[in-house]
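The chain contents come next:
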Amino acid sequence: MHEMALCEGIRGIIQDQARAQNFSRVRRLRLEIGRFAGVQKEALAFAFDVVMRGSEAEGAELEMLDLPGRAVCYDCEAEVEIDDRFAPCPRCGGGKLMPTGGSEMRILDMEVT
Amino acid sequence: MCNVCGCGQGTVEGHSHDDSHHHHHHHGEHRDIHYGTGAAGVAVPGMSQDRLIELEADILSKNDAFAAANRTRLAATGTLALNLVSSPGSGKTSLLVRTIERLGAHPVAVIEGDQQTTNDADRIRATGAPAVQVNTGKGCHLDGQMVGHALDHLPLEQGTVLFIENVGNLVCPAGFDLGEDCKVAILSVTEGEDKPLKYPDMFTASRLALLNKTDLAPHCDVDLDLYEANLRRVNPEIEVQRVSARTGEGLDAWITWLNARLAAKQAEDTAA
Ligand SMILES: Nc1nc2c(ncn2[C@@H]2O[C@H](COP(=O)(O)OP(=O)(O)OP(=O)(O)O)[C@@H](O)[C@H]2O)c(=O)[nH]1
Ligand SMILES: [Mg+2]
Ligand SMILES: [Zn+2]
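Fair warning: this is a prediction, and the values are worked out from it, not measured in the lab.

A. Fine view of the overall build of chain A. The helix and strand inventory of chain A stands at two helices and six strands. Its helices and strands taken in sequence order, chain A reads α-β-α-β-β-β-β-β from the N to the C terminus. For chain A, whose C-alpha radius of gyration is 17 Å, the value lies well above the compact-globule estimate of 13 Å for 113 residues. With respect to the three principal axes, the spread of C-alpha positions in chain A is 50 × 25 × 15 Å. When each of the 113 residues of chain A is scored for burial, the buried share is 55%.

The following block contains the structure:
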């Protein structure tokens, strides 16, 4: 995934919110990132600092929370939690799993002034 | 940072962060669209008061809104839109040229996404089909807004098949909805059987995978069954077709698939 483009998305949302909710500075921002979102956290943190320059979120503290990977097993039909994209089903050992969760990339909340 | 093409590697130049940057482009000879130059950021004044804003907002929500607008617009003409994703050089444009020839009089339109050059749109226009080239500059994927803008310059008759050739990149385009009906992944047999395992997101997001350049298979020690098995490992529902843009092998099945999608789309739109 493209961390720079993600940060541009974050910046766009912050600017809309700043207008709508009338704030001038973001102190702290919390993101939720799914395990399979393909986001490299170090790269995101680096891009964040660069992209937020000149915006309300310049210098803001960035916190990233992990969301687990989830998949539906085609063998036992259960929805299971998995750590690895290619892990077998933890219930039945089946190898055919379709990801259903873990690709989230959300702004959870932000502290503003 | 983009791990594939390295774009954005510490440089902010020409990779604008202002929302208005999409309007800073010019139209070339064939109404091609070039991105890559940007304006400075905008500061918004406000009042001071500490508080917590709970958002739960998807980071790509702006892109998703553009994609949703495109989808509505495409549905109005019963246009079937396919987002073609692949690594560079897998044969997307070659396959498109062949496909357009096979579709004959059926209305077709093409959006070509590349970082630079209008080569691919020129190749499509040589077939007689309308094409708009979008140059993304340093961007390594098309986004919903770029496609919306390209649509302003394409004639869409009822029942058009719109092919969107995304920038050759197996990573970034997976996350950016363009308003398409589905993604079609194109792989060439020379890329290696392990590509689906190395870049699973793209193949999980795709409905069909075209395994191209089968004419080269005898020369490059590739196990096509393993290739298919690896695709199904990352996406148990993916459909796979083996084709060769060079010899035309397998193209009948692909055209049949296209016609079936088109019929399904039109049934869906008249029902809606
Ligand atoms: N042997 C063989 N060569 C092919 C086939 N399809 C495409 N090629 C060759 O592969 C090269 C790349 O083809 P393109 O159609 O430009 O590929 P592309 O995916 O559009 O490339 P980009 O847009 O640059 O990412 C060209 O030299 C084509 O002639 C095929 O089925 N067999
Ligand atoms: Mg091409
Ligand atoms: Zn199971």
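Next, the rest of the story.
B. Structural detail: the packing of aromatic side chains. Using the criterion set out here, one finds one aromatic pair over all chains in the structure. Ring geometry for Trp254(B) versus Trp257(B): centroids 5.8 Å apart, planes at 20 degrees, classification stacked. You can see Trp254(B) and its partner Trp257(B) sitting in helix 8 (residues 251-271), three residues apart, about one turn around the helix. Neither Trp254(B) nor Trp257(B) differs from the other in exposure class; each is buried. Its guanidinium or amino end placed over the ring of Phe86(A), Arg85(A) lies 5.7 Å from that ring's centre, counting from NZ or CZ.

C. Local environment of the coordination of the magnesium ion (ligand 2). All names here are of chain B. Each protein donor to the magnesium ion (ligand 2) is listed here as Thr 93 (OG1), Asp 120 (OD) and Glu 165 (OE); together their distances run 2.1 Å. Mapped onto the polypeptide sequence, the residues donating to the magnesium ion (ligand 2) form the spacing pattern T-x26-D-x44-E. A residue pair is termed long-range when its members are at least 10 positions apart, and Thr 93 in helix 2 (residues 92-103) and Asp 120 in helix 3 (residues 119-125) qualify at 27 residues. As far as burial versus exposure is concerned, Thr 93 and Asp 120 are alike and both buried.

D. Broad picture of helix 2 (residues 41-51) of chain A. All names here are of chain A. Among the residues of helix 2, those classed as buried are Ala 43, Leu 44, Ala 47, Phe 48, Val 50 and Val 51. Along helix 2, the residues classed as buried sweep out an arc of 165 degrees about the axis, all on the same side. Here the buried face of helix 2 lies against helix 1 (3-21), strand 1 (26-34) and strand 2 (61-67).

E. Spotlight on the coordination of the zinc ion (ligand 3). Residues and elements named next belong to chain A. The protein atoms that coordinate the zinc ion (ligand 3) are Cys 73 (SG), Cys 76 (SG), Cys 89 (SG) and Cys 92 (SG), at distances of 2.3 to 2.4 Å. One can describe the site at the zinc ion (ligand 3) as tetrahedral: its four donor atoms subtend angles covering 103 to 115 degrees at the metal. Overall, Cys 89 belongs to the buried group, its relative accessible area being 4%. Take Cys 92: its relative accessible area is 40%, and that puts it in the partly exposed class.

F. Up close: the site of ligand 1. Residues and elements named next belong to chain B. Every one of the 18 residues lining ligand 1 counts as a neighbour, but Lys 92, Thr 93, Ser 94, Asp 215 and Ala 245 are closest to it. Asp 120 is positioned with one of its side-chain polar atoms (N or O) 3.0 Å from an oxygen atom of ligand 1. One nitrogen or oxygen atom from the side chain of Asn 212 is found 3.2 Å from an oxygen atom belonging to ligand 1. For ligand 1, the protein covers 75% of the area, taking 650 Å² as the surface of the free molecule. If one sorts the elements of the shell around ligand 1 by residue count, helix 2 sits on top with three residues. A per-class count over the shell around ligand 1 returns three nonpolar, seven polar and eight charged.

G. Geometry of the sheet that holds strand 2 of chain A. Across the sheet, which stays open at both edges, the four strands sit in the order 2(A)-1(A)-6(A)-3(B) with mixed pairing between neighbours. Two strands bound the open sheet, and with one partner strand each, they are strand 2 of chain A together with strand 3 (51-58) of chain B. Strand-to-strand twist across the sheet, computed as the mean angle between neighbouring axes with direction ignored, equals 15 degrees. With seven bridges connecting them, strand 1 of chain A and strand 6 (residues 105-112) of chain A associate as antiparallel partners. Within the sheet, the bridge partner assigned to Ile33(A) lies in strand 6 of chain A and is Met105(A). Sheet contacts for helix 1 of chain A: strand 1 and strand 6 of chain A together with strand 3 of chain B; angle to strand 3 of chain B, the most-contacted strand, approximately 135 degrees.

H. Seen up close, the sheet that holds strand 4 (residues 79-82) of chain A. Residue and element names in this part refer to chain A. One open sheet accounts for three strands, arranged 4-3-5; its pairing is antiparallel. With partners counted over all chains shown, the strands left at the sheet margins are strand 4 and strand 5 (97-101), one partner each. Each neighbouring strand pair of the sheet contributes to a mean axis angle of 40 degrees, computed without reference to strand direction.

Cut-offs and rules
- Residues numbered from 1 in each chain as written.
- Chains lettered and ligands numbered in written order.
- Predicted model: local features only at pLDDT ≥ 70, side-chain atom pairs only at ≥ 80, totals over all residues.
- Heavy atoms only, no water.
- Helix = DSSP H or I, 4+ residues; strand = E, 2+ residues; numbered from the N terminus.
- Rg over C-alpha atoms; globule rule 2.2 N^0.38 Å.
- Buried < 20%, exposed > 50% of the residue type's maximum accessible area, 1.4 Å probe, protein only.
- Phe/Tyr/Trp six-rings, centres within 6.5 Å; stacked < 30°, edge-to-face > 60°.
- Lys NZ or Arg CZ within 6 Å of the ring centre and 35° of its normal.
- Donors = N, O, S within 2.8 Å, 3.2 Å for Na, K, Ca; no water.
- Arc of directions from axis to C-beta.
- Contact = heavy atoms within 4.5 Å.
- Tetrahedral: all angles 85-135°; square planar, octahedral: opposite > 155°, others 65-115°.
- Near = heavy atom within 4 Å.
- Polar contact = N/O pair within 3.5 Å; in protein donor to acceptor, adjacent residues only side chain to side chain.
- Areas by Shrake-Rupley, 256 points an atom, 1.4 Å probe, with all protein chains shown as cover.
- Nonpolar A, V, L, I, M, F, W, Y, C, P; charged D, E, K, R; others polar.
- Pairing = 2+ DSSP bridges.
- Axes fitted to C-alpha atoms, helices over the stretch in contact; angles between N-to-C directions.

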